Structure formats: structure tokens, C-alpha cells
Amino acid sequence: MTRQQLIEQIREKRSFLCVGLDTDLNKIPEFLLDFEDPIFEFNKQIIEATEDLCVAYKPNSAFYETRGVKGWESLVKTAQQIPNTCLSIIDAKRGDIGNTSAMYASAFFDRNLSGMSFDAITIAPYMGSDSVKPFLEFSDKWVILLALTSNQGSQDFQFSKDLGDEFLFEKVIQKANTWGTIENLMYVVGATRGESFLDIRKHAPDHFLLVPGVGAQGGSLEDVCKYGMNRDCGLLVNASRSILYASSGKDFAEKAREEALAIQKEMALQLEKAGF
Ligand SMILES: O=C(O)c1cc(=O)[nH]c(=O)n1[C@@H]1O[C@H](COP(=O)(O)O)[C@@H](O)[C@H]1O
């Protein structure tokens, strides 16, 4: 999915919601355990219940890898289930020496090899340009680079100023801006970082930002929009647990839809306010 197509989806659906598919066998409704592939069945019903309300889905690979071969099969089927009106993001946080990154890239981008062809992948920037470039070499694919994460530990390195008068996350963005373009590179910025979006937008005014941390982690959608929205919206706001596990009963998909709808309505207001 291109940047322009993504913007069109946001405009049409009045939403910049990304539903995180962090699907945990211990948290899904018990009756699904009778299905041959409970994780896939859960994802399928969540996708069917929310696809008109969101513009992206983000399975986090950890939740699938933890189940070995079975989990990998659920992930492949889930990837194929994501409609092409939504950006498909694999949250794998990869990055390694060049030839290894090339293997990771084909694992998630090359349908002929792996059965999966995600539109985008999350990448850690720590190993530098040659660890990121193999992902950027795939045409029509996106790298979503960790810039300022939502967790407490982001203080350890990302807010360090040891290299001068700017934070490390600002240096990461400045450098990475030379690796990709606004057409194939996004940054992860946690919703829990409110006013830091002003610093991010100084360095990346036009990039899309993937913003996890609303819902279960307590980030404010209003602040994210106030400080982070640009003229193309420029935001994909992720919620995982608050949507997926809105109910643990038979009505889980319906309740997930209600939760997604509440977020979408707030997003529509914010888009309206921004004249988008
Ligand atoms: O890259 C991510 O998506 C990510 C980055 C970050 O800074 N914080 C963060 O929570 N995430 C992911 O976003 C999702 C958040 O899930 P919930 O807190 O349940 O909405 C999880 O899959 C996290 O791994």
C-alpha cells in the first residue's frame, strides 16, 4: 500500500486506527479452543468485525513465534486474511547485519518464499544503515523504525544526550531520514510521550508515525493528535489489548467492534478539527 493509498483510506474511513493482533491463547474466549486453529479463528472474527473502522492491522510476531510451528501457521493465515484496504504491519522489531536482514526481509515480504507479504515491518535502528537497507530495497514496502518507544525503558538510551545537545531519538531520526523517504519509512513514537511529538515533528514533519500506547498503556489520543498530526494526518494509532479483549465471552468480536468504534469516532472528530 502506497502513502497516497493510505491517506485515501484514512480520508474515506475517517480513521487512523491500527488494530494490534497481539493474540494470546490464554486470553481468547474459551469456546474458540475447540477450533482447529483458535488463534486464526479469533483474528479472522476480529478482522471481520473491525475492517471498516481501521486502516491497519499489526500482528506482533512474538505472540505467534511463542507457539512454534502452529503459531507460524496462524501468522501466515492471518497475513492472508488482512484486507487490502488496510496496511498490514508485522511487528517483528528486526535488524541485523546486512545479509541476515535480507533473510528477515524475505521472510516477511516475499509471499513466494514464506507465504507472507506484509506491507510493513517494525525495525530496531541500533545496528545502523546496512541493517535497515535490505528492508528498504523491497519496492512498495515500508520500514517502521523505532524512534521513541512507549515503555519505561525508553529513558535508558533514547533520552540520552551523551552525543551532544540532542536526544538520541532525534539523532536516530535525522540519520534514518537519509536512508528512506516519506514513501517507505515511518517512525514508531509511543502515545505515552505526549509533548515529545513536537520534537519528533521538528525532524520528521511529513513522515507517518506508528503510535502504540493508547488503551492499555494509558496514552492520550487527544495529545497525540494535538502535537503529532500533520496535514496528511501522518498518524497510525495502534490499540491491541483494549480492543481484542474487550470481552472474554461469545460476544468478543461485537465488543471489540464497539471499542474500535469508540476510538474511530474520536479520530473522526480529530480529523474534522484538523480540517482533513
Ligand atoms: O513497535 C510497536 O508496535 C511498539 C512500540 C512501542 O514503543 N510500544 C509498544 O507497545 N509497541 C507494541 O504495540 C503493542 C501495544 O499493545 P497494547 O498496549 O495492548 O495496545 C504491542 O504489540 C507492543 O509490542
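Residues numbered from 1 in each chain as written. Predicted model: local features only at pLDDT ≥ 70, side-chain atom pairs only at ≥ 80, totals over all residues. Heavy atoms only, no water.

**Q** Can you tell me about the site of the ligand, naming the residues and giving the values?
**A** Close contacts around the ligand come from 18 residues, with Asp 22, Ser 150, Gln 217, Ser 240 and Arg 241 the closest. In the model, an oxygen atom of the ligand is placed 2.7 Å from a nitrogen or oxygen of the Asp 22 side chain. Side-chain polar atom of Asp 91 to an oxygen atom of the ligand: 3.0 Å apart, as the coordinates give it. For the ligand, whose free accessible area comes to 510 Å², the fraction covered by protein is 90%. When residues of the shell around the ligand are traced back to their parent elements, those giving at least two are strand E3 (87-94) and strand E8 (235-239). When the residues that make up the shell around the ligand are grouped by side-chain class, the tally is 6 nonpolar, 7 polar and 5 charged. (Near = heavy atom within 4 Å. Polar contact = N/O pair within 3.5 Å; in protein donor to acceptor, adjacent residues only side chain to side chain. Areas by Shrake-Rupley, 256 points an atom, 1.4 Å probe, with all protein chains shown as cover. Helix = DSSP H or I, 4+ residues; strand = E, 2+ residues; numbered from the N terminus. Nonpolar A, V, L, I, M, F, W, Y, C, P; charged D, E, K, R; others polar.)

**Q** I'd like to hear about the UniProt feature "domain: Orotidine 5'-phosphate decarboxylase" (unreviewed entry) in the protein chain, residue by residue, with values.
**A** Mapped onto this numbering, the UniProt entry annotates "domain: Orotidine 5'-phosphate decarboxylase" (unreviewed entry) at residues 16-256. Annotated as 39% helix and 17% strand, the span residues 16-256 places its first and last C-alpha atoms 16 Å apart. (UniProt positions renumbered as here; feature names shortened; annotations may be inferred.)

**Q** Describe the packing of aromatic side chains, naming the residues involved and giving the relevant values.
**A** Under the defined criterion, the tally for this structure stands at 8 aromatic pairs. With 6.0 Å between their ring centres and 50° between their planes, Trp 72 and Phe 108 make a pair best called tilted. Here Trp 72 is found in helix H4 (residues 68-81), whereas its partner Phe 108 is found in helix H5 (residues 98-109), with 36 residues between them in sequence. Ring centres of Phe 159 and Phe 167 lie 5.2 Å apart, and the angle between their planes is 80°; on these two criteria the pair is classed as edge-to-face. Through successive ring pairs, a cluster of aromatic residues spans Phe 31, Phe 42, Tyr 245 and Phe 252. Taking NZ or CZ as reference, Lys 161 lies 4.6 Å from the ring centre of Phe 167, over its face. Its end group placed over the ring of Phe 31, Lys 250 keeps NZ or CZ at 4.5 Å from the ring centre. (Phe/Tyr/Trp six-rings, centres within 6.5 Å; stacked < 30°, edge-to-face > 60°. Lys NZ or Arg CZ within 6 Å of the ring centre and 35° of its normal.)

**Q** Give me the lowdown on the pairing of E3, citing residues and values where you can.
**A** Within E3, 7 of the 8 residues are buried, which leaves the element mostly enclosed by the surrounding structure. When E3 meets strand E4 (residues 120-123), the two strands line up parallel, connected through 3 bridges. Among the inter-strand pairings, Arg 94 is bridged to a residue of E4, identified as Ile 123. (Buried < 20%, exposed > 50% of the residue type's maximum accessible area, 1.4 Å probe, protein only. Pairing = 2+ DSSP bridges.)

**Q** Report on the side chain of Gln 9, specifying residues and quantitative values.
**A** By secondary structure assignment, the location of Gln 9 is in helix H1 (residues 3-13). Beyond its immediate stretch of four places on either side in the chain, Gln 9 contacts Met 1, Arg 14, Val 55 and Thr 85. (Contact = heavy atoms within 4.5 Å.)

**Q** Let's hear about the sheet that holds E4: which residues, and what values?
**A** Read around the closed barrel, 8 strands run E1-E2-E3-E4-E5-E6-E7-E8, paired in parallel fashion. The mean angle between the axes of side-by-side strands here comes to 30°, regardless of whether they run parallel or antiparallel. Looking at chain direction, strand E5 (residues 142-148) and strand E6 (residues 185-189) are connected through 5 bridges and run parallel. The residue bridging Leu 148 from the neighbouring strand is Val 189, located in E6. With respect to the sheet, H5 is in contact with E3, E4 and E5, its orientation differing from that of E3 by roughly 150°. (Axes fitted to C-alpha atoms, helices over the stretch in contact; angles between N-to-C directions.)

**Q** How would you explain helix H2 (residues 38-50) if you had to name every residue and give the values?
**A** With 13 residues, H2 should cover 18 Å at 1.5 Å per step; its first-to-last C-alpha distance of 18 Å lies within 8% of that length. Counting buried positions along H2 yields 10 of 13 residues, so the element is predominantly enclosed. The complete set of buried residues in H2 reads Pro 38, Ile 39, Phe 40, Glu 41, Phe 42, Asn 43, Ile 46, Ile 47, Ala 49 and Thr 50. (Expected span 1.5 Å × (residues − 1).)

**Q** With reference to specific residues and values, describe unusual backbone geometry.
**A** Glycine aside, a negative phi is what most residues show, and trans is what most peptide bonds show. In the Ramachandran plot, Arg 14 falls in the positive-phi region, its phi being about 50° despite a non-glycine side chain. With respect to the helices, strands and loops of the structure, Arg 14 is situated in the loop between H1 and strand E1 (17-21). Using a relative accessible area of 23% as the deciding quantity, one classes Arg 14 as partly exposed. A positive phi angle, close to 80°, is found at Cys 233, a residue other than glycine. Residue placement: Cys 233 occurs in the loop between helix H11 (221-228) and E8.

**Q** Break down the nonpolar core for me, with residues and values.
**A** With 90 residues, the main nonpolar core has Phe 16, Leu 145 and Leu 235 as its most contacted residues. What Leu 235 contacts, discounting residues up to four positions off in sequence, is Ile 10, Phe 16, Phe 197, Arg 201, Phe 208, Leu 209, Val 211, Val 224, Cys 225, Gly 228 and Met 229. (Core = buried A, V, L, I, M, F, W, Y, C linked by side-chain atoms within 4.5 Å.)

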